[in-house]
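# Chain and residue survey
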Amino acid sequence: GAGVSQTPSNKVTEKGKYVELRCDPISGHTALYWYRQSLGQGPEFLIYFQGTGAADDSGLPNDRFFAVRPEGSVSTLKIQRTERGDSAVYLCASSLSPARGQETQYFGPGTRLLVL
Amino acid sequence: GESVGLHLPTLSVQEGDNSIINCAYSNSASDYFIWYKQESGKGPQFIIDIRSNMDKRQGQRVTVLLNKTVKHLSLQIAATQPGDSAVYFCAENSRGAGSYQLTFGKGTKLSVIP
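Just so you know, these numbers come straight off a predicted model, no measurement behind them.

### Comments concerning the overall build of chain A
Broken down by element type, chain A carries zero helices and 11 strands. For chain A, the succession of helices and strands along the chain, N to C, is β-β-β-β-β-β-β-β-β-β-β. Dimensions of chain A along its principal axes, counting C-alpha atoms only, are 40 × 25 × 25 Å. For chain A, with 116 residues in total, the buried portion stands at 47%.

Take a look at the structure:
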């Protein structure tokens, strides 16, 4: 079956621009997560959705970052006024039903964001 | 030892040997642990997970050991193959905190010598 997909695979933008990154989770997975990975580091948590609502957004670094999941499936991570320090790989993961013990997170290939 | 920036701990093993990758965690409240394999340019790939009520779990060619007393996790790979070359991350979660976010370790780079 299809895994987690993310688009675009690469995104180059200029400092100050707005970007949107999209994640399609595995079909039927109720939970969706965004992480950010800098070169040579492990992924760092950004935000977690259970259904349509953001259950935990404690990892968002500042108010330039925002994410939505309006229909409980696809999610979009939005970054306003991008800065060079935002350059990283943005990873999306989904899990079937963490509240029922089905919490294994399956990751997508990531979107490589480069802010010039 | 500790890694900083691009300097990941590296483990080099001969093809066919067993590999052991270690991970220390700091949160004594963590109750779920997971190992991922990440190849260059790809997302993390699930290998195996374990809950805190277990101390050992086996998969295909892999075994995870959990020692809660010293907060240590290890991944054993039997008969290591060239395709096992990648960076391996351990991650933990404390469901009691009300979230399922994973906290990742720094990673270990496994290089398999043919």
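Alright, that's what it looks like, and here's the rest.
### Digging into the interface of chain A and chain B
Contact with chain A, which involves 24 residues of that partner, is made by 23 residues of chain B. Interface area, chain A with chain B, both sides summed: about 1,800 Å², of which 52% is carbon and sulfur. By the criterion of area lost to chain B, the three top residues of chain A are P43, E103 and F107 of chain A, representing 25% of everything that side buries. One can count one salt bridge joining chain A with chain B. Between E103 of chain A and R51 of chain B there is a salt bridge, and its shortest N-O distance comes to 2.7 Å.

### Some words on the sheet that holds strand β1 (residues 5–7) of chain A
Residues and elements named next belong to chain A. In spatial order, the strands read β1-β3-β8-β7; together these four strands make up an open sheet with antiparallel pairing. Of all strands in the sheet, those with a lone pairing partner are β1 and β7 (65–68), marking the two edges. Direction aside, the axes of adjacent strands within the sheet are offset by 15° on average.

### Some remarks on the pairing of β7 of chain A
Along a regular strand, successive side chains alternate from one face of the sheet to the other. Burial along β7 of chain A is one-sided: the face carrying F65 and A67 of chain A is buried and the face carrying F66 and V68 of chain A is not. Counting the residues in the hairpin turn of β7 of chain A and strand β8 (residues 75–79) of chain A gives six residues, including G72 of chain A, whose phi is positive at 75°.

### A look at the packing of aromatic side chains
Under the criterion given, the structure shown has 11 aromatic pairs over all chains. Here Y35 of chain A and F104 of chain B contribute two aromatic rings whose centre-to-centre distance is 5.8 Å and whose plane-to-plane angle is 85°, an arrangement assigned as edge-to-face. Linking Y35 of chain A in strand β4 (residues 31–37) with F104 of chain B in strand β9 (residues 103–104), this pair reaches from one chain into another. Taking the centre distance of 4.6 Å and the plane angle of 50° together, the rings of Y25 of chain B and F33 of chain B count as tilted. Judged by relative accessible area, Y25 of chain B falls into the buried class, the value being 8%. Look at F33 of chain B and you get buried, because its relative accessible area is 1%. Joined through ring pairs, the aromatic side chains of Y35, F45 and F107 of chain A together with Y36, F89 and F104 of chain B make up one cluster.

### Observations regarding unusual backbone geometry
Residue P8 of chain A is bonded to the preceding T7 of chain A through a cis peptide linkage, with omega at -10°. Mapping P8 of chain A onto the fold places it in the loop between β1 and β2 (10–13). Backbone geometry at R81 of chain A places phi at a positive 45°, although glycine is not the residue there. Mapping R81 of chain A onto the fold places it in the loop between β8 and β9 (88–95). With relative accessibility at 46%, the residue R81 of chain A sits in the partly exposed group. The backbone of K71 of chain B shows a phi angle near 55°, a positive value even though the residue is not glycine. Along the chain, K71 of chain B turns up in the loop between β6 (62–67) and β7 (72–77).

### A closer look at the environment of C23 of chain B
Residues and elements named next belong to chain B. With respect to the helices and strands, C23 occurs in strand β2 (residues 19–24). In this structure, the C-alpha to C-alpha distance between C23 and S74, residues 51 residues apart in sequence, is 5.9 Å. When sequence neighbours within four positions are dropped, the list of residues in contact with C23 reads W35, K71, H72, L73 and C90.

About the criteria used
Residues numbered from 1 in each chain as written. Chains lettered and ligands numbered in written order. Predicted model: local features only at pLDDT ≥ 70, side-chain atom pairs only at ≥ 80, totals over all residues. Heavy atoms only, no water. Helix = DSSP H or I, 4+ residues; strand = E, 2+ residues; numbered from the N terminus. Buried < 20%, exposed > 50% of the residue type's maximum accessible area, 1.4 Å probe, protein only. Contact = heavy atoms within 4.5 Å. Buried area = accessible area lost by both parts, 1.4 Å probe. Salt bridge = Lys/Arg side-chain N within 4 Å of Asp/Glu carboxyl O. Pairing = 2+ DSSP bridges. Axes fitted to C-alpha atoms, helices over the stretch in contact; angles between N-to-C directions. Phe/Tyr/Trp six-rings, centres within 6.5 Å; stacked < 30°, edge-to-face > 60°.

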